[in-house]
Amino acid sequence: MDFNVKRLAADAGTLFSRAVQFTEEKFGQAEKTELDAHFENLLTRAETTKHWTEKILKQTEVLLQPNPNVRIEEFLYEKLDKKVPTRMNNHELLGQSMIDSGNEFGPGTAYGNALIKCGETEKQIGGAERELIQSSAINFLTPFRNFLEGDFKTILKERKLLQNKRLDLDAAKTNVRPFMCTSCDEPSLTVSLSLSLSLSLSLSQAEQDLKMTQSEFDRQAEITRLLLEGINSTHAHHLHCLNDFVEAQMTYYAQCYQYMVDLQKQLGNFPSAFSSNNNQSTASGAASISVPILPLSGPLPANTANASSGFTELQNFSGSRKARVLYDYDAAGSNELSLLADEVIMVSSVPGMDSDWLMGERGNQKGKVPITYLELLN
């Protein structure tokens, strides 16, 4: 019990001494031990590293997860050490909506089939985005966060301890200074022997305290210096993490590009005349003339390519042939014939008609039809 009281009193005395020294330094009434320029540069470098690491970490989290509510939720799950519930990302939600709408319109229709294919591609992109987030979290965000929550907190702890050791050292120097000034004066004859002995003992204790605090300060300064010099290793590690992050993004965007190239090739197999015709039908005062639009990129449908010679033969000679309708088609004018996928109609060539069109007949109905929607039957 006595030991604890003495220890408590000693700690209280140390804290009081530090407070007095700190206050006097603020008012310019006490000298302060300055750190060397190299040490100050190391401190500045560490603070700068901490500042920009925090900022890069925050902006990367915003990039990977733009929704602030989701970020807060994920942060809480992480703090509670619980698994974050799996949820569909925006690309996957869009893809599912496209697939559902495509099934509603009918997979056999051109529009419905295209929606389904677009939806499947969007879900593939969503999966690639999920892989990017996972890779970035492991190889980029986690090392940055570990530095802020681990290494830099250790630096702050040791730096604070160094500050306390410096206050102790400067307080010890302040305690020794009056004795040094007294020794410079001529000894007074009125000073008693007991007072001289007391001064000698006090000076000896003050010098001993000064040596001890100087040793502790030097030791703590070296520890803090080694930690600060470790920032160079931190930069090297973060550079490696940055390379991993760039590689993850490169893989993600390459996958997205390939998915879209493949999708464009698939959509190239769907004639787009129906969209052009629908646009023309809504324009008031426009001439009732429509031209089928061929895909800008991607191969033509295989069945269309195989039947091209048959269409050429039909256009050069008179007569009619049966043809199967490949896709639904909405007539843009009274001179055209609407079509339903998989129905069979009779087609023939009319002199002077555009080479991309034929005359179609279904019972008593007759009108122009685009050849890209047809497959000639033998």
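Just above sits the structure.
All of these numbers come straight from a predicted model, not from anything done at the bench.

Caption draft 1: Broad picture of the pairing of strand 2 (residues 344-348). Relative to strand 2, strand 1 (residues 320-325) runs antiparallel, the two being bridged by five bridges. Of the residues in strand 2, the one forming a bridge with Arg321 is Val347. Bridge count for strand 2 against strand 3 (residues 357-362) is three bridges, and the pairing is antiparallel. For Val347, the partnering residue across the bridge sits in strand 3 and is Gly360.

Caption draft 2: Seen up close, the packing of aromatic side chains. As enumerated under the stated definition, the model contains eight aromatic pairs in all. Taking the centre distance of 5.2 Å and the plane angle of 35° together, the rings of Phe105 and Tyr111 count as tilted. The interplanar angle of 40° and the centroid separation of 4.6 Å between the aromatic rings of Phe140 and Phe144 together place this pair among those described as tilted. One end of the pair, Phe140, and the other, Phe144, are both in helix 5 (residues 110-184), four residues apart, so they sit about a helical turn from each other. Accessibility classification places Phe140 together with Phe144 in one group, the buried group. An aromatic cluster is present here, built from Tyr327, Tyr329, Trp357 and Tyr373 joined pairwise through their rings.

Caption draft 3: Expanded view of unusual backbone geometry. With a phi close to 75°, Asp342 is a non-glycine residue in the positive phi region. Positionally, Asp342 belongs in the loop between strand 1 and strand 2.

Caption draft 4: Quick look at the sheet that holds strand 2. Across the sheet, five strands lie side by side as 4-3-2-1-5; this open sheet has antiparallel pairing. Strand pairing shows two members of the sheet lacking a second neighbour, strand 4 (365-370) and strand 5 (374-376), which therefore form its edges. Between one strand axis and the next, the sheet turns by 45° as a mean value, whatever way the strands run. Inspection of the sheet shows strand 3 paired to strand 4 by six bridges, in the antiparallel sense. Directly across from Met359, in strand 4, lies its bridge partner Lys368.

Caption draft 5: Local environment of the environment of Gln266. Looking at the secondary structure, you find Gln266 in helix 7 (residues 231-267). Expressed as a C-alpha distance, the spacing of Gln266 and Cys118, which sit 148 residues apart in the sequence, is 9.5 Å.

What counts and what doesn't
- Residues numbered from 1 in each chain as written.
- Predicted model: local features only at pLDDT ≥ 70, side-chain atom pairs only at ≥ 80, totals over all residues.
- Heavy atoms only, no water.
- Pairing = 2+ DSSP bridges.
- Helix = DSSP H or I, 4+ residues; strand = E, 2+ residues; numbered from the N terminus.
- Phe/Tyr/Trp six-rings, centres within 6.5 Å; stacked < 30°, edge-to-face > 60°.
- Buried < 20%, exposed > 50% of the residue type's maximum accessible area, 1.4 Å probe, protein only.
- Axes fitted to C-alpha atoms, helices over the stretch in contact; angles between N-to-C directions.

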